[in-house]
Amino acid sequence: MKLPTDHPHPLVRRLFSFWAPTRESMRGWAMASVVVNAGIAVTGAGVRVTGSGLGCPTWPRCTPDSFVPVAHPEVSMLNMLVEFGNRLLTFLVLAVGLACVVAAMRLAPRRRSLVWLAWLQPAGVLAQALWGGLVVSTMLNPFTVGMHFLISTGLIAACWMLYARAGESDGPARRVTHRDIRRLGYVLLAAVFVLLVAGVVVSGTGPHSGDEMASRFDFDIEAVARLHADFVYIVVGLTFALLFALHVSHSQRPARRAVLALLAVELGQGVIGYTQYFLAVPAALVLLHVLGSTLVWIAALRVVTSLRTRTPLPDHSPTEVPAAV
């Protein structure tokens, strides 16, 4: 019987590659999971800046009587469709996560480290869905909205680690540079996470609440924006320090490239941040800034994984033989 993995069209083979995975297809599904989780974080911000946060005023139904948008006298149909569309994207994220699980379980031989990392994805999507219900029930409380984004950063981290580990063996990690330089990389990652938290506070204090009925943090917007900028300077300074340390220690090129990429994304994000501040936070720039935040986080994760290595899997290894079908 001919299976989709034997289909002559390469696109069909890729779509069903989770059923007969190789190292490369496993990494491909992991990267797809990084992309969709980053994407839904950005579209979630789109729901907020369009004032559609309560477009579907109940959960899990869109309205008290329907799972799908229906005309409602108190809610704009456009806002309802925006919010409902974002909810539908959850199923895409879940589908990609489940594909990662199937690929990890069918990879021959099975690697427990990959299976555990893969299962974090559907579990995380379920947690996000339940938290989304809490966001609606609390009328877009800025704390619950901010945590919604931060949970996404945790999911992105799990997806990135799956991507990195899928290309390595399960041997012990070996650093590729001095121990203190690697520690600096972890300090940088922690600083980036603190920067994201500060950004969430600014977002929860600023004008784009998602709905007129939503509450805001009772902070001075100027003060929290300046605090956020201070953390930006710290992160950029740590990035420069890490780049300099890698250069003078003649560390491997992949690590230096990863830090350069992070620095480039940080500088671009800084330009967007200052522009939106001086233009009174237009919605379009808020979306770009959220996208930039996810890219900074992914680039920082890449930096950390570039500072250690495990014996890579060979290009043509018995472990890459597709699972029996």
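Scroll up a little and you will see the structure.
Every value quoted in this text rests on a predicted model; they were computed, and no experiment measured them.

**A look at the overall build of the protein chain**
Helix and strand counts for the protein chain stand at 9 helices and 2 strands. Along the protein chain, helices and strands appear, N-terminal first, in the series α-α-α-α-α-β-α-α-α-α-β. Relative to its length of 325 residues, the protein chain is compact, with a C-alpha radius of gyration of 21 Å against a globular reference of 20 Å. Dimensions of the protein chain, computed from C-alpha atoms along their principal axes, come out at roughly 60 × 60 × 30 Å. In the protein chain, buried positions account for 47% of the 325 residues. Look at the contacts in the protein chain between residues 6 or more apart in sequence, and 75% of them connect residues 24 or more apart.

**Overview of the packing of aromatic side chains**
Remark: the centre distance and the inter-plane angle together describe each pair of aromatic rings, the angle taken between the planes. Going through the model one piece at a time under the given rule, you end up with 5 aromatic pairs. Here Trp160 and Tyr163 contribute two aromatic rings whose centre-to-centre distance is 5.1 Å and whose plane-to-plane angle is 45°, an arrangement assigned as tilted. Note that Trp160 and Tyr163 are positioned in helix α5 (residues 142–166) at a spacing of 3 residues, about one turn of the helix. We note that Trp160, like Tyr163, is buried. Arranged with centres 5.4 Å apart and planes meeting at 80°, the rings of Tyr277 and Phe278 form a pair that is edge-to-face. Note on Tyr277: relative accessible area 37%, which makes it partly exposed. Here the aromatic residues Tyr274, Tyr277 and Phe278 are joined through ring pairs into a cluster of three or more.

**Things to note about the state of the cysteines**
Applying the stated criterion across every chain, the model contains 1 disulfide. One disulfide in the model links Cys56 with Cys62; its S-S distance is 2.1 Å. Taking the sign of the torsion about the S-S bond as the criterion, the disulfide between Cys56 and Cys62, at about -75°, is left-handed. Here Cys56 matches Cys62 in class, with each residue buried.

**Description of the packing of helix α7 (residues 221–248) against helix α8 (residues 253–278)**
Orientation of α7 relative to α8, taken along the N-to-C sense of each, is 160°, at an axis distance of 10 Å. The angle between α7 and α8 falls in the class roughly antiparallel. Handedness of the crossing formed by α7 with α8: left-handed. Here Glu222, Ala225, Ala229, Tyr233, Val235, Val236, Thr239, Phe240, Leu242, Leu243, Leu246 and His247 of α7 lie close against α8, whose contacting residues are Ala255, Arg256, Val259, Leu260, Leu262, Leu263, Glu266, Tyr274 and Tyr277. Partitioned by chemical class, the residues of the contact of α7 with α8 number 16 nonpolar, 2 polar and 3 charged.

**What to know about the nonpolar core**
Counting residues in each nonpolar core, the largest one holds 66 residues, and the members touching the most others are Met26, Leu162 and Trp297. Counting only elements with at least two residues in this core, the list comes to α2 (23–49), α3 (77–106), α4 (112–137), α5, α6 (179–205), α7, α8 and α9 (283–306). For this core, the element with the most residues is α2, which contributes 11 residues. If we skip the residues at most four places from it in the chain, Trp297 touches Thr153, Ile156, Ala157, Leu189, Val192, Phe193 and Leu196.

**Describing unusual backbone geometry**
Omega for the peptide link from Trp59 to Pro60 comes to 5°, which places this bond in the cis form. Relative to the helices and strands, Pro60 resides in the loop between α2 and α3. A cis amide bond links Ala108 to the next residue, Pro109, at an omega of -5°. Following the sequence through the fold, Pro109 ends up in the loop between α3 and α4. Of note in the backbone geometry, Leu140 takes a positive phi value of approximately 60° without being a glycine. Phi is positive for Ala280, which is not a glycine, with a value near 65°.

**As for the packing of α4 against α5**
Where α4 contacts α5, the axes come no closer than 9 Å and their chain directions differ by 165°. Classed by the angle they form, the pair α4 and α5 counts as roughly antiparallel. Viewed along their axes, α4 and α5 form a crossing whose handedness is left-handed. Of the residues that constitute the contact of α4 with α5, the class distribution is 18 nonpolar, 8 polar and 1 charged.

**Structural notes on the environment of Asp230**
As for its placement among the helices and strands, Asp230 is situated in helix α7. Counting along the chain gives 146 residues from Asp230 to Phe84, while the straight-line C-alpha distance between them is 37 Å.

**Thoughts on the side chain of Glu168**
For Glu168, the location among the structural elements is in the loop between α5 and β1 (174–175). Of the polar contacts made by the side chain of Glu168, one reaches the side chain of Arg308; its length is 2.6 Å.

Calculation notes
Residues numbered from 1 in each chain as written. Predicted model: local features only at pLDDT ≥ 70, side-chain atom pairs only at ≥ 80, totals over all residues. Heavy atoms only, no water. Helix = DSSP H or I, 4+ residues; strand = E, 2+ residues; numbered from the N terminus. Rg over C-alpha atoms; globule rule 2.2 N^0.38 Å. Buried < 20%, exposed > 50% of the residue type's maximum accessible area, 1.4 Å probe, protein only. Contact = heavy atoms within 4.5 Å. Phe/Tyr/Trp six-rings, centres within 6.5 Å; stacked < 30°, edge-to-face > 60°. Disulfide = S-S within 2.5 Å. Axes fitted to C-alpha atoms, helices over the stretch in contact; angles between N-to-C directions. Parallel < 35°, antiparallel > 145°, perpendicular 65-115°, else oblique. Left-handed = near helix turned anticlockwise from the far one by under 90°. Nonpolar A, V, L, I, M, F, W, Y, C, P; charged D, E, K, R; others polar. Core = buried A, V, L, I, M, F, W, Y, C linked by side-chain atoms within 4.5 Å. Polar contact = N/O pair within 3.5 Å; in protein donor to acceptor, adjacent residues only side chain to side chain.

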